[in-house]
Amino acid sequence: EVQLVESGGALVQPGGSLRLSCVTSGFVFSSFEMNWVRQAPGKGLEWLSYINNRGTTKYYADSVKGRFTVSRDNAKNSLYLQMNSLRAEDTAVYFCARDPATGEFDFWGQGTLVTVSS
Amino acid sequence: DIQMTQSPSILSASVGDRVTITCRASQSINSWLAWYVQKPGKSPKLLIYKASKLKSGVPARFSGSGSGTEFTLNISSLQPDDFAIYYCQQHSSRSPTFGQGTKVEIK
């Protein structure tokens, strides 16, 4: 069974940093591209970042470019999102999602809540 | 970025109804469109990819069609479990974008 489990969400002050993790199981992690998507409270879905299966190609939404960094450790079947210079508008549930190389997201984690507030 | 616009934003329907949701892209995305369903407090789940391909395990009452800039999601006979929010997503570019969502509620 494919599973993705995010963690690392917390309450953080504006300007602070946080690192999210997504631990996966049930599939060959090193064969799949991965993404981060977020959802602000009561709002829709916003794609944030993409990383290819080897970690050599990364893309970011303009809203997080220069502040967020995606990475992965294929030996640990894990995906990460380092978030710096956090703002109130970054408050959201953050999901990791698997990408079977055709751009749709076929499996999602349950999400982890990040709250940016003083 | 490619903008995705769904209509309607809210759809009131009854169990057994046939339901259609439309998604329009600001430029051609060929058939690179996916549909997701999300229930309150849960993560989205993929229903359809590449405009019309049903994900394995998704009930056959769901179908998708369209190409270019206009797409539709159809539910042939609405079931109680289908009351939820539906999102389209273009996966034509390396900057994927979602529609704003369509809430299907009980009439």
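Just above, that's the structure.
Keep in mind the model is a prediction, meaning the values are calculated, not measured.

Visitor: Break down the overall build of chain B for me, citing the residues and quoting the values.
Guide: Looking only at helices and strands, chain B has zero helices and eleven strands in total. Taken over C-alpha atoms, the radius of gyration comes to 13 Å for chain B, in line with the 13 Å a tight globule of 107 residues would show. Judged by the C-alpha coordinates and their principal axes, chain B covers about 35 × 25 × 25 Å. Taken across its 107 residues, chain B has 48% of its residues classed as buried. The long-range fraction of contacts in chain B, counting pairs at least 24 apart against all pairs at least 6 apart in sequence, stands at 55%.

Visitor: Quick rundown of the sheet that holds strand S1 (residues 3-7) of chain A? Include the residues and the values.
Guide: Residue and element names in this part refer to chain A. Taken together, the four strands give an open sheet; going across it, the order is S1-S3-S8-S7, and neighbouring strands pair in antiparallel fashion. Among the strands making up the open sheet, the edge pair consists of S1 and strand S7 (68-73). Averaged over all pairs of adjacent strands, the angle between their axes in this sheet comes to 15°, without regard to strand direction. Pairing of S7 with strand S8 (residues 78-83) involves six bridges; the strand directions are antiparallel. Counted as the bridge partner of Val 70 is Leu 81 from S8.

Visitor: Give a detailed account of the interface of chain A and chain B, specifying residues and quantitative values.
Guide: Size of an interface, as often reported, equals the accessible area lost when the parts are brought together. Taken together, the contact between chain A and chain B spans 21 residues of the former and 17 residues of the latter. Regarding the contact of chain A and chain B, the summed buried area is about 1600 Å², with carbon and sulfur atoms giving 60% of it. Of all residues in chain A, Leu45(A), Trp47(A) and Glu104(A) give up the largest surface area on contact with chain B, accounting jointly for 35% of the area buried on that side. Taken together, chain A and chain B are joined by two salt bridges.

Visitor: Got a sec to walk through the packing of aromatic side chains? Specific residues and values, please.
Guide: Any pair of aromatic rings gets described here by the distance separating the centres and the angle formed by the planes. Considering all chains together, one arrives at ten aromatic pairs over all chains under this definition. Both rings, one in Trp108(A) and one in Tyr36(B), keep their centres 5.6 Å apart while their planes meet at 80°; by these two values the pair is edge-to-face. With Trp108(A) in strand S10 (residues 107-108) and Tyr36(B) in strand S4 (residues 33-38), this residue pair bridges two chains. With respect to class, Trp108(A) is no different from Tyr36(B); both count as buried. Geometrically, the ring pair formed by Phe62(B) and Tyr86(B) is tilted, given 6.4 Å between the ring centres and 40° between the ring planes. With a gap of 24 residues between them, Phe62(B) in strand S7 (residues 62-67) and Tyr86(B) in strand S9 (residues 85-90) connect regions that are remote in the sequence. A residue is classified by how much of its surface remains accessible, and Phe62(B), at 6% relative accessible area, is buried.

Visitor: Tell me about the sheet that holds strand S3 (residues 19-25) of chain B, and please be specific about residues and values.
Guide: Residues and elements named next belong to chain B. Ordered in space as S1-S3-S8-S7, the four strands form an open sheet in which the pairing is antiparallel. Bordering the open sheet on either side are strand S1 (4-7) and S7, each of which pairs with just one other strand. Strand-to-strand, the axes of this sheet are offset by a mean angle of 20°, without reference to chain direction.

Visitor: Tell me about the pattern of salt bridges, residues and numbers included.
Guide: All names here are of chain A. Under the counting rule described, the total for this entry stands at ten salt bridges over all chains. Notably, a salt bridge pairs Asp 90 with Arg 67, separated by 2.7 Å at the nearest N-O pair. Highlighted residues: Asp 90 in the loop between S8 and strand S9 (92-99) and Arg 67 in the loop between strand S6 (58-60) and S7, separated in sequence by 23 residues. Looking at Arg 67, the relative accessible area reads 8%, which means it is buried. In this structure, Asp 106 engages Arg 98 in a salt bridge whose closest nitrogen and oxygen atoms are separated by 2.8 Å. Accessibility expressed as a relative area gives 8% for Arg 98, which makes it buried. A single network of salt bridges, built from pairs that share partners, joins Arg 38, Glu 46, Arg 67 and Asp 90.

Visitor: Account for the environment of Tyr87(B), with residues named and values stated.
Guide: Note on placement: Tyr87(B) falls in strand S9. Sequence separation between Tyr87(B) and Asn30(B) is 57 residues, and the spatial gap between their C-alpha atoms is 18 Å. Within the structure, the side chain of Tyr87(B) is placed 3.3 Å from the side chain of Gln39(A), a separation counted as a polar contact.

Visitor: Please set out the nonpolar core residue by residue, giving values where relevant.
Guide: Of all hydrophobic cores here, the largest spans 40 residues; its most connected members are Trp36(A), Leu79(A), Leu81(A), Met83(A), Tyr94(A), Trp108(A) and Phe98(B). Broken down by secondary-structure element, the contributors of at least two residues to this core are strand S3 (18-25), strand S4 (33-39), strand S5 (45-51), S7, S8, S9 and strand S11 (112-116) of chain A together with S4 of chain B. The residues contacting Tyr94(A), other than those within four sequence positions of it, are Glu6(A), Leu20(A), Val37(A), Arg38(A), Leu48(A), Phe68(A), Leu81(A), Met83(A), Gly111(A), Thr112(A) and Val114(A).

So, how was this worked out
Residues numbered from 1 in each chain as written. Chains lettered and ligands numbered in written order. Predicted model: local features only at pLDDT ≥ 70, side-chain atom pairs only at ≥ 80, totals over all residues. Heavy atoms only, no water. Helix = DSSP H or I, 4+ residues; strand = E, 2+ residues; numbered from the N terminus. Rg over C-alpha atoms; globule rule 2.2 N^0.38 Å. Buried < 20%, exposed > 50% of the residue type's maximum accessible area, 1.4 Å probe, protein only. Contact = heavy atoms within 4.5 Å. Pairing = 2+ DSSP bridges. Axes fitted to C-alpha atoms, helices over the stretch in contact; angles between N-to-C directions. Buried area = accessible area lost by both parts, 1.4 Å probe. Salt bridge = Lys/Arg side-chain N within 4 Å of Asp/Glu carboxyl O. Phe/Tyr/Trp six-rings, centres within 6.5 Å; stacked < 30°, edge-to-face > 60°. Polar contact = N/O pair within 3.5 Å; in protein donor to acceptor, adjacent residues only side chain to side chain. Core = buried A, V, L, I, M, F, W, Y, C linked by side-chain atoms within 4.5 Å.

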